[in-house]
Amino acid sequence: MNGWILAATVELGGGGAAALWGVSTGPTARRVVAQNMTTSAVCPALLLLAQGYGRPAYVDLALLLALLGPVGTLVFARLLSADLAEEGARTWGLTWSAAGLGAVVVVALCAAVGPGRAMVKLLVIGALLIGGNVIASRALAGGIRGVRSG
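Let me sum up the structure you'll find in this document. (Residues numbered from 1 in each chain as written. Predicted model: local features only at pLDDT ≥ 70, side-chain atom pairs only at ≥ 80, totals over all residues. Heavy atoms only, no water.)

Another aspect to go through is the overall build of the chain. Looking only at helices and strands, the chain features 6 helices and 0 strands. Starting at the N terminus and walking to the C terminus, you meet the elements of the chain as α-α-α-α-α-α. Taken against the 2.2 N^0.38 rule, which gives 15 Å for 150 residues, the C-alpha radius of gyration of the chain at 16 Å falls within 12% of a compact globule. Taken along the three principal axes of its C-alpha coordinates, the chain extends 45 × 25 × 20 Å. (Helix = DSSP H or I, 4+ residues; strand = E, 2+ residues; numbered from the N terminus. Rg over C-alpha atoms; globule rule 2.2 N^0.38 Å.)

Here it is, written out as structure tokens:
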């Protein structure tokens, strides 16, 4: 076991357990926020595992997850807008901590792989992950007109 795999295990253990707990318990707002944070927990872990095992295919999975995870959250925000308006989702603390984690992982991996095509792919994944989760969190908090109706 190397440091990349250890970091992925710790990150998945903490973030994955918190997301699983949030999805399986509590009101609808917490469940949707936890579903959104699942992307933020699994995507960086896939990047770390790709580096640890030397499997570039895991980076492709992370790219797909960074692209589709926030889209799924936006669909849930639209479909559950009445329930979310009643409960009021609180997302900003989790959003910025998840964005920080994603940024740290992407920067560390960019330093490890060096300049080239792999670094560009990592930067695209980081931008999608952070930007998508910020947009999805804003939608859950009612900040995008037409996504949540009060």
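From this point, things continue past the structure.
As for its placement among the helices and strands, T39 is situated in helix α2 (residues 28–53). The contact partners of T39, leaving out residues within four places of it in the chain, are P44, L65, A66, G69, P70, L129 and N133. (Contact = heavy atoms within 4.5 Å.)

Another aspect to go through is the side chain of N133. By the secondary structure assignment, N133 is in helix α6 (residues 117–140). Looking at N133, the relative accessible area reads 4%, which means it is buried. Within the structure, the side chain of N133 is placed 3.1 Å from the backbone oxygen of L129, a separation counted as a polar contact. When residues no more than four places from it in sequence are discounted, the contact partners of N133 are N36, T39, S40, P70, T95 and L128. (Buried < 20%, exposed > 50% of the residue type's maximum accessible area, 1.4 Å probe, protein only. Polar contact = N/O pair within 3.5 Å; in protein donor to acceptor, adjacent residues only side chain to side chain.)

In a soluble, globular protein the nonpolar side chains are often hidden away together inside. Grouped together as the largest cluster of nonpolar side chains are 18 residues, with contacts concentrated most on C43, L47, A62, L109 and I125. Where this core is concerned, the elements lending two or more residues are α1 (3–24), α2, α3 (57–79), α5 (92–113) and α6. Ranked by residue count, the leading element in this core is α2, at 6 residues. By size, the runner-up hydrophobic cluster in this structure holds 9 residues, among which are A29, M37, L84 and L140. (Core = buried A, V, L, I, M, F, W, Y, C linked by side-chain atoms within 4.5 Å.)

This part takes up the layout of surface pockets. Put simply, the largest pocket is a space of about 260 Å³. Around the largest pocket sit 16 residues that line it, and G15, A18, A19, M37 and L94 are the ones nearest its centre. Sorting the residues of the lining of the largest pocket by element identifies α1, α2 and α5 as the ones contributing at least two each. The computed volume of the second largest pocket comes to approximately 220 Å³. Along the walls of the second largest pocket sit L47, A50, Q51, R55, P56, V59, L109, V113, R117, A118, K121 and L122, which together make up its complete lining. Only α2, α5 and α6 provide two or more residues apiece to the lining of the second largest pocket. Looking at the lining of the second largest pocket, the element that brings in the most residues is α6, giving 4 residues. (1 Å grid on protein atoms, 1.4 Å probe; cavity = no way out; pocket = protein on both sides within 12 Å on 5 of 7 lines; lining within 4 Å. Points joined across faces, edges and corners; volume = space filled by probe spheres on them.)

Distances and angles like these do not, on their own, reveal function.
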